[in-house]
Amino acid sequence: MNTWIAIGLTVLGCYAVKLAGLLVPAGVLERAFVRRLATLLPVALLAALTAQQTFADGHALVLDARVAGLGAAAVALALRAPFLLVVAAAVVVTAGVRAVGG
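Residues numbered from 1 in each chain as written. Predicted model: local features only at pLDDT ≥ 70, side-chain atom pairs only at ≥ 80, totals over all residues. Heavy atoms only, no water.

An unreviewed UniProt entry annotates the protein chain as Branched-chain amino acid transporter AzlD originating from Streptomyces yokosukanensis.

If you tally the helices and strands in the protein chain, you get five helices and two strands. Each helix and strand of the protein chain, placed in order from N terminus to C terminus, yields the pattern α-α-α-β-β-α-α. In terms of overall dimensions, the protein chain is more spread out than a globule: its C-alpha atoms have a radius of gyration of 20 Å, far above the 13 Å expected for 102 residues. Taken along the three principal axes of its C-alpha coordinates, the protein chain extends 55 × 45 × 25 Å. Long-range pairs, those at least 24 residues apart, make up 27% of the contacts in the protein chain between residues at least 6 apart in sequence. (Helix = DSSP H or I, 4+ residues; strand = E, 2+ residues; numbered from the N terminus. Rg over C-alpha atoms; globule rule 2.2 N^0.38 Å. Contact = heavy atoms within 4.5 Å.)

On to the nonpolar core, then. One recurring pattern in soluble globular proteins: nonpolar side chains tend to sit buried together. Ranked by size, the top nonpolar core spans five residues in total: A73, A76, A81, V86 and A90. Elements with a contribution of two residues or more to this core: α4 (65-78) and α5 (83-100). The contacts of V86, once residues within four sequence positions are left out, are A73, A76, L77 and A81. (Core = buried A, V, L, I, M, F, W, Y, C linked by side-chain atoms within 4.5 Å. Buried < 20%, exposed > 50% of the residue type's maximum accessible area, 1.4 Å probe, protein only.)

What follows concerns helix α1 (residues 2-22). Between the first and last C-alpha of α1 there are 30 Å, a value that for 21 residues agrees with the 30 Å anticipated at 1.5 Å per step. Counting buried positions along α1 gives zero out of 21 residues, so the element sits mostly on the surface. (Expected span 1.5 Å × (residues − 1).)

Let's shift gears to the UniProt feature "transmembrane region" (unreviewed entry) in the protein chain. Per the UniProt record, the feature "transmembrane region" (unreviewed entry) sits at residues 6-25, 37-55 and 67-97. Overall, residues 6-25 shows 85% helix and 0% strand. The separation of its end C-alpha atoms is 31 Å. Secondary structure within residues 37-55 divides into 100% helix and 0% strand; the distance between the first and last C-alpha atoms comes to 26 Å. (UniProt positions renumbered as here; feature names shortened; annotations may be inferred.)

The next point concerns the pattern of salt bridges. Taken as a whole, this structure holds two salt bridges when the rule is applied. Taking the shortest distance from any N to any O, the salt bridge between E30 and R35 comes out at 2.5 Å. With its nearest N and O atoms 3.2 Å apart, the salt bridge here joins R66 to D64. (Salt bridge = Lys/Arg side-chain N within 4 Å of Asp/Glu carboxyl O.)

What follows is about a nonpolar patch on the surface. A cluster of nonpolar side chains, namely F33, L37, L41 and L45, defines an oily patch on the protein surface of about 430 Å² accessible area. Along the chain, L41 falls in helix α3 (residues 32-55). (Patch = residues over 30% accessible without salt bridge, like charges linked within 9 Å, V, L, I, M, F, W, Y side chains within 5 Å. Areas by Shrake-Rupley, 256 points an atom, 1.4 Å probe, with all protein chains shown as cover.)

Right, dumping it as structure tokens:
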């Protein structure tokens, strides 16, 4: 029963956030600060998620094959490689380091 209570509260919370977003006056959304924040916030959240998934395991800092894969992806991005090549480079390097035992 506790699971259904959590699901119900999550549904209500999501609906409340959506409703709050719809109730924001248009004048607020037209401000330069809000536009800039809306542009930069997804990038910051994605970077934080990537860092957390790459370098953390619970409460511990982990440096394993994922770091090498992220580094390979960063190099491919710096060289302006196509997105699929960036992903392929990360996958190949991560698998290679894991196969070697790193």
